[in-house]
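# Remarks on the overall topology
Letter by letter, the chains look like this.
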Amino acid sequence: MGIIDVKNITVELSDKIILQDMTLNIIKGEVISIIGPNGCGKSTLLKTIARITPCKRGSVEFEGTNVQGFSHRQFAQRLAILTQDPEAPPDLTVYDLVKLGRFPYGSWYSSNSKEDEEQVSWALAQTGMEQMKERLLVTLSGGERQRAWIAMALAQRPQVLLLDEPTTYLDICHQLEVMQLLKKLNGELGLTVVMVLHDLNHTLQYSERIAVMKEGQIIKVGEPKDVITDKLLREVFRVKADMFVSSNGMSAVLPIDLIKK
Amino acid sequence: MKSKAGDMVGAAGYYGISRNIWRVGVLVFFAFLAVCGLFLSLTQGTMNISIIDIVNILQSPIDSSNSQIIWNIRMPRTIVGALVGVNLSLSGAILQAVMRNPLADPHIIGISSGAGLAGVAIMILFPSMEYLVTPVAFVGAMGAAVCIYILAWKNGIKPVRVILAGVAVSAFLSSGISGLLIFYSDRVHGALMWMVGGLAARSWPQVTIIWPYAVIGLILALLGAQYLNILQLGDEMASGLGVNVEFIRIALTAVAALLAASAVSVVGLLGFVGLIVPHAARLLIGSDYRFLLPASALLGIGVVTLSDTFARVIFSPIELPVGIIMAFIGAPFFLFLLRREL
């Protein structure tokens, strides 16, 4: 049993099958990346795990309990999700945003409790955002903004954090900053991290396992070096790629050419 | 990293003071406007009655003509105006967050067209039953809102579908209003006054109709403030934070619909308040609904009572419908706020 067990789920959106009979176990405390071509259902999988998108058949279980058995707030105390490119009002500060992460624990009359304040400070400290807490979200750089959103998710004190392409739109420095932050949170807090990524090198560098999706199904799950192979890149992404070993001993991949059909 | 002045919150940063002091200041200012509106509405008119006289009348009900004017005309009219301002402003503020659209107002969920057609139909087709206008308009408004919600339902509610269904249903109902006005062009006067919206001849019976909605609506809206804040992050993030998005959206839309329907069925189609007041309040106080809702309510009181006073005295003894005054003065003022880019 994993912390999350996706059991034979089928998901349809406007009568189109997006995920078909999919099964995936997510192990407590791991960093797992989900990769696959555009439109293969990666984001839908995240949203189904987070209960945002309902599944037609099958079930998602959190520590053995069907996720539908939790109240909305109970579930938000266990699992946090950062969707791609979330919106915020223009006058929202970092502090305001992180404070919203305490919503699952609050009721309208006790929103100022000491516990909330401590957790907000903790989340800001974990993400290195203390100095910027009074700043408006819109004035932050892309990397800082992503860290602010991660701080909000941390304030939920989840066991599992789902992220949908957390590094999109970021320059390489900020990409690494976000990836290293996630790795740090995983290492220090034991936070289980599930992320959809496009950059194969990030998945190789930062994840313990990789799940590869194609056309609504998972076709391979395993350790990065076993999963990302020349053959898989040809079959799934239709690219020819060279594989290297980088200076830190991890694998790296460089796509060189498309494979014509 | 040092925070620069421009990084601070909107208008507060503009004047270089802390955000909460700024917000409280804005609330105090809006409350002051509201009090001014209430006093002017009581004192000004064809007969000017001083504040001292009013205090005396309120303390000891003597049977003078001034007492009659205050007790039977100005006091209830002022209260109706204030409550209508509260209801429409809160309704608009709620809908802007729930529909995640800055143009959302009570109009968009069919309240105006539903109440409009129902009210016009009574006034034109059954003029002898004009006493039924308020309940029928209320039913019409809620009927149109429910109708739009059902039409927009397809595996849940998407704000964009609600807005588009609202446009379509409103256009459909408006064609009914236009048809009635054209076929019975000899009877349009009352209907036109209704469509513009006004407080003339509104008295204690209207107060008793509207106040429970105002009180309950205000309480429910304030309870929903944190939900409204979270809905502004988008449906998916809101869901991830533990909000039952579908339920909250229906519940808060219903609150907004009841608030607006109770106001519109009493005073006619005051279109302007629900859109502009929440925006003006938001430009000054920001989009945190815990502050924005009370600010909108207070500003709504001020705007409606001041506009109504103005509408009564400007061409005295003839009075204009308050809806005209509000749009005429308020729209340019709103554009001024917008251009300042606070």
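About the cut-offs
Residues numbered from 1 in each chain as written. Chains lettered and ligands numbered in written order. Predicted model: local features only at pLDDT ≥ 70, side-chain atom pairs only at ≥ 80, totals over all residues. Helix = DSSP H or I, 4+ residues; strand = E, 2+ residues; numbered from the N terminus. Rg over C-alpha atoms; globule rule 2.2 N^0.38 Å. Buried ≥ 20, exposed ≤ 12 C-beta atoms within 10 Å, placed from the backbone. Contact = placed C-beta atoms within 7 Å. Nonpolar A, V, L, I, M, F, W, Y, C, P; charged D, E, K, R; others polar. Pairing = 2+ DSSP bridges. Axes fitted to C-alpha atoms, helices over the stretch in contact; angles between N-to-C directions. Core = buried A, V, L, I, M, F, W, Y, C linked by C-beta atoms within 7 Å. pLDDT = per-residue confidence, 0-100. Parallel < 35°, antiparallel > 145°, perpendicular 65-115°, else oblique. Left-handed = near helix turned anticlockwise from the far one by under 90°. Expected span 1.5 Å × (residues − 1). Bend = angle between axes of the 7 residues up to and from the residue.

Turning our eyes to something else, we now look at the overall build of chain B. The secondary structure content of chain B amounts to 15 helices and zero strands. For chain B, the C-alpha radius of gyration of 21 Å lies close to 20 Å, the compact-globule estimate for 342 residues. Overall, chain B is about 65 × 50 × 35 Å in size when its C-alpha atoms are taken along their principal axes. For chain B, the residues scored as buried account for 53% of the 342 residues in total. The contacts in chain B between residues at least 6 apart in sequence include a share of 75% that link residues at least 24 apart.

Counting its regular elements, chain A contains nine helices and twelve strands. For a compact globule of 261 residues, the expected C-alpha radius of gyration is about 18 Å, and chain A comes in at 19 Å, within 12% of that figure. The C-alpha extent of chain A, read off along each of the three principal axes, is 60 × 45 × 30 Å. Summarising the internal contacts of chain A: among those between residues at least 6 apart in sequence, 66% fall at separations of at least 24.

Interfaces are often sized by the accessible area lost when the parts come together. Across the contact, 27 residues belong to chain A and 22 residues belong to chain B. The set of elements that each furnish at least two residues to the side of chain A that touches chain B consists of α2 (72-76) and β6 (79-82) of chain A. Counting residues per element, the side of chain A that touches chain B draws most heavily on α2 of chain A, at four residues. Looking at the side of chain A that touches chain B, its residues break down into 15 nonpolar, six polar and six charged.

Glancing now at the sheet that holds strand β8 (residues 192-196) of chain A. Residue and element names in this part refer to chain A. Taking strand neighbours across the sheet as the criterion, the six strands line up as β6-β7-β8-β3-β9-β10 in an open arrangement whose pairing is mixed. Of all the strands in the sheet, just β6 and β10 (217-222) have a single pairing partner and so form its edges. Averaged over all neighbouring strand pairs, the angle between strand axes comes to 15°, with direction disregarded. Pairing analysis gives five bridges linking strand β9 (residues 209-214) to β10, with the strands arranged antiparallel. Residue pairing for β10: M213 is matched across the bridge by I218.

One non-glycine residue, D85 of chain A, lies in positive phi territory at about 55°. Here D85 of chain A shows up in the loop between β6 and α3 (94-100). Taking the C-beta count within 10 Å as the criterion, D85 of chain A has 10 such neighbours and is therefore assigned exposed. Of note, R100 of chain B is a non-glycine position whose phi angle comes to about 45°, a positive value. Considering the arrangement of structural elements, one finds R100 of chain B in the loop between α4 (65-98) and α5 (111-125). Look at R100 of chain B and you get partly exposed, because 19 C-beta atoms sit within 10 Å.

Next up on the list: the nonpolar core. Residue and element names in this part refer to chain B. Core analysis: the biggest nonpolar cluster contains 185 residues, and I94 and V264 have the highest contact counts within it. If one sorts the elements of this core by residue count, α4 sits on top with 15 residues. Residues contacting I94, with those up to four places away along its chain left out, are A221, L228, L252, V255 and A256.

Turning our eyes to something else, we now look at the confidence of the model for chain B. Residue and element names in this part refer to chain B. Here chain B averages 84 in pLDDT, and 94% of its residues register 70 or above. Between the elements of chain B, mean pLDDT differs from a low of 46, seen in helix α1 (residues 10-14), to a high of 93, seen in helix α10 (residues 225-231). Under a pLDDT of 50 for its full length, residues 1-15 has, in the predicted model, 29 contacts with residues more than four places off or in other chains. Across the interfaces of the predicted complex, the ipTM metric reaches 0.89, alongside a pTM of 0.88.

Residue and element names in this part refer to chain B. Where α4 meets helix α13 (residues 273-285), the closest approach of the two axes is 7 Å, and the angle between their N-to-C directions is 70°. With respect to each other, α4 and α13 are oriented roughly perpendicular. Where α4 approaches α13, its residues G85, L88, S89, S91, G92, A93 and Q96 are matched on the opposing element by V273, G274, L275, V277 and P278. Its residues assigned to classes, the contact of α4 with α13 shows six nonpolar, six polar and no charged.

This part takes up the sheet that holds strand β5 (residues 65-66) of chain A. All names here are of chain A. Across the sheet, which stays open at both edges, the four strands sit in the order β2-β1-β4-β5 with antiparallel pairing between neighbours. Looking along the sheet, the strands with just one partner apiece sit at the ends: β2 (16-26) and β5. Against the sheet, helix α1 (residues 42-49) contacts β1 (4-13), β2 and β4 (57-62), and its axis sits at roughly 120° relative to β1.

Side-chain direction in a regular strand flips from residue to residue, so the side chains alternate between the two faces of the sheet. Residues and elements named next belong to chain A. Across the five residues of strand β3 (residues 31-35), five count as buried, placing the element largely inside the fold. Residues V31, S33 and I35 line one face of β3 and the alternating positions I32 and I34 line the opposite face, and both faces are buried. Two strands pair when backbone bridges link them, and β3 and β8 are joined in this way by four bridges, in the parallel orientation. Across the sheet, the residue bridging to V31 is V193, located in β8. Summarising the sheet, β3 and β9 pair through four bridges and their orientation is parallel. For I32, the partnering residue across the bridge sits in β9 and is R209.

Residues and elements named next belong to chain B. Close contact between α13 and helix α14 (residues 289-313) brings their axes to 9 Å; oriented N to C, the two are set at 125°. The orientation of α13 with respect to α14, classified from their angle, is oblique. Crossing of α13 against α14: the hand is right-handed. The segment α13 lies against α14, with V273, V277, P278, A280, A281, R282 and I285 engaging F291, L292, A295, S296, L299, G300, V303 and V304.

All names here are of chain B. With 20 residues, helix α9 (residues 204-223) extends 29 Å between its outermost C-alpha atoms, agreeing within 8% with the 28 Å of an ideal straight helix rising 1.5 Å per residue. Within α9, the axis deviates most sharply at I210, by approximately 30°, and proline P212 lies no more than four positions further along. For α9, the full list of buried residues reads Q206, I210, Y213, A214, G217 and A221.

This part is about the environment of R73 of chain A. Structurally, the position occupied by R73 of chain A is in helix α2. On the neighbour-count criterion, R73 of chain A (17 C-beta atoms within 10 Å) is partly exposed.

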